[in-house]
Amino acid sequence: EKKEEKQEDSVIISSTELEDKGAYYFIPTALNLEEDRDVVSILVMSDTFGTHSLEMLADIPSVDILIHAGNFTRDGTLQQMQEFNEWINAAMDNKKCKYALFVAGNHEITFDRACYEKWRAQQIAKEQQQQNGNMEMEAPTDEGVADGGGQNDGNEDGGGQEGVDSSNDADGGKHK
């Protein structure tokens, strides 16, 4: 004999179609983002790989909190970090966000001193060998650093990075 159970409380899950705004996608809402003081607007971005510009700021909406979830540089150089910092400050100065939060991704190798020091040593050795006319190099591979380093591995999405071993990452190291 089958029993039929009636479920009085149910949750309806439906998909929401995102609005393509060119530089970002907007999740439609009935909330009044401009007038309701209880609404907090958040913009999340990632994997911009140093492509920050004032023109880019013009294309994004003004929000309360801007979160950059990693890979804001190509290979984490001090200059790229400074350029990103200037861009974040310009976003705040231009009232594009009240607060900014960023997370270092696998391209921000300078946040991990040991990884950066190994990568930098390899770059110096590579430059010295190139100056001596020897274009081939066998670099050590240990604890997170592979041969080469710092440049895009040729993936069209810009993900992956020579110089950082991502073989143990579930997602291939492209999004941390």
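Let me begin by describing the structure that accompanies this report. (Residues numbered from 1 in each chain as written. Predicted model: local features only at pLDDT ≥ 70, side-chain atom pairs only at ≥ 80, totals over all residues. Heavy atoms only, no water.)

1. Topic: the nonpolar core
Applicable threshold: Grouping buried Ala, Val, Leu, Ile, Met, Phe, Trp, Tyr and Cys residues that are joined through side-chain atoms within 4.5 Å yields what is termed a nonpolar core. With a 1.4 Å probe rolled over the protein chains alone, any residue whose accessible area is under 20% of its type maximum counts as buried; one over 50% counts as exposed, and the rest are partly exposed. The way it works is that DSSP assigns letters per residue, a run of H or I at least four long becomes a helix, a run of E at least two long becomes a strand, and they are numbered from the N terminus. Throughout, a residue-residue contact means that at least one pair of heavy atoms, one from each residue, lies within 4.5 Å.
With 16 residues, the main nonpolar core has L43, M45, L57, L66 and W87 as its most contacted residues. Put simply, the parts of the chain that give this core at least two residues each are β3 (42-45), α1 (54-59), β4 (63-68) and α2 (78-93). In terms of residues, this core owes the most to one element, α2, which gives 6 residues. Ignoring anything within four residues of it in the chain, the contact list for W87 reads M45, H52, S53, M56, L57 and L66.

2. Regarding helix α3 (residues 113-131)
The condition that has to hold: One less than the number of residues in a helix, times 1.5 Å, gives the span that helix is expected to have. Arc definition: it is the arc formed by the directions from the helix axis to the C-beta atoms.
Here α3 spans 27 Å end to end across 19 residues, near enough to the 27 Å set by a 1.5 Å rise per residue. All of the buried residues along α3 are C115, W119, Q122 and Q123. Taken end-on, α3 shows its buried residues confined to a sector of 105°, consistent with a single buried face. Opposite its buried face, α3 presents the exposed residues R113 and Q131, each directed more than 90 degrees away. Once α3 ends, the next one or two residues include G133, with phi positive near 85°.

3. Considering the pattern of salt bridges
Where we set the bar: The term salt bridge refers to a side-chain nitrogen of Lys or Arg lying within 4 Å of a carboxyl oxygen of Asp or Glu.
As enumerated under the stated definition, the model contains 3 salt bridges in all. The partner of K21 in a salt bridge is E19, and the shortest N-O contact between them spans 3.3 Å. Judged by its relative accessible area of 40%, K21 falls in the partly exposed class. For E19, a relative accessible area of 32% gives the class partly exposed. Here R120 makes a salt bridge to E127, at a shortest N to O gap of 4.0 Å. With relative accessibility at 31%, the residue R120 sits in the partly exposed group.

4. What about the sheet that holds β4?
Whenever strands of a sheet pair, they do so through backbone hydrogen bonds, lying parallel or antiparallel. Basically, it comes down to this: Only strands joined by at least two bridges in the DSSP assignment are considered to pair. Inter-axis angles, ranging from 0 to 180 degrees, are taken between N-to-C directions of lines fitted to C-alpha atoms, where helices are fitted over the stretch in contact.
Strand order in this open sheet of 3 strands is β3-β4-β5, and the pairing throughout is parallel. The outermost strands of the open sheet, each flanked by one partner alone, are β3 and β5 (97-102). Strand-to-strand twist in this sheet, taken as the mean axis angle between neighbours without regard to direction, amounts to 15°. On the sheet, α2 packs against β3, β4 and β5 and is oriented at approximately 155° with respect to β5.

5. Focus on the side chain of T48
Applied cut-off: For this analysis, a polar contact is any N or O atom pair within 3.5 Å, provided that within protein one partner can donate a hydrogen and the other can accept it, and provided that sequence-adjacent residues contribute only side-chain to side-chain pairs.
Relative to the assigned elements, T48 resides in the loop between β3 and α1. What makes T48 buried here is its relative accessible area of 9%. In this structure the side chain of T48 is engaged in a polar contact, spanning 2.7 Å, whose partner is the side chain of H52. Aside from chain neighbours lying at most four places away, what touches T48 is M56, H68, N71 and F72.

6. A short note on the pairing of β4
The following threshold applies: If you view a crossover with the strands going away from you and the path from the first strand over the helix to the second runs clockwise, you call it right-handed.
Most of β4 is tucked away: 5 of the 6 residues are buried. Bridge analysis of β3 against β4 gives 4 bridges, and the strand direction is parallel. The partner of I42 across the bridge, within β4, is I65. In this fold, β3 hands off to α1, which returns the chain to β4; that crossover is right-handed. Summarising the sheet, β4 and β5 pair through 5 bridges and their orientation is parallel. If you follow L66 over to β5, its bridge partner there is A100. Between the parallel elements β4 and β5, the chain passes through α2 in a crossover that is right-handed.

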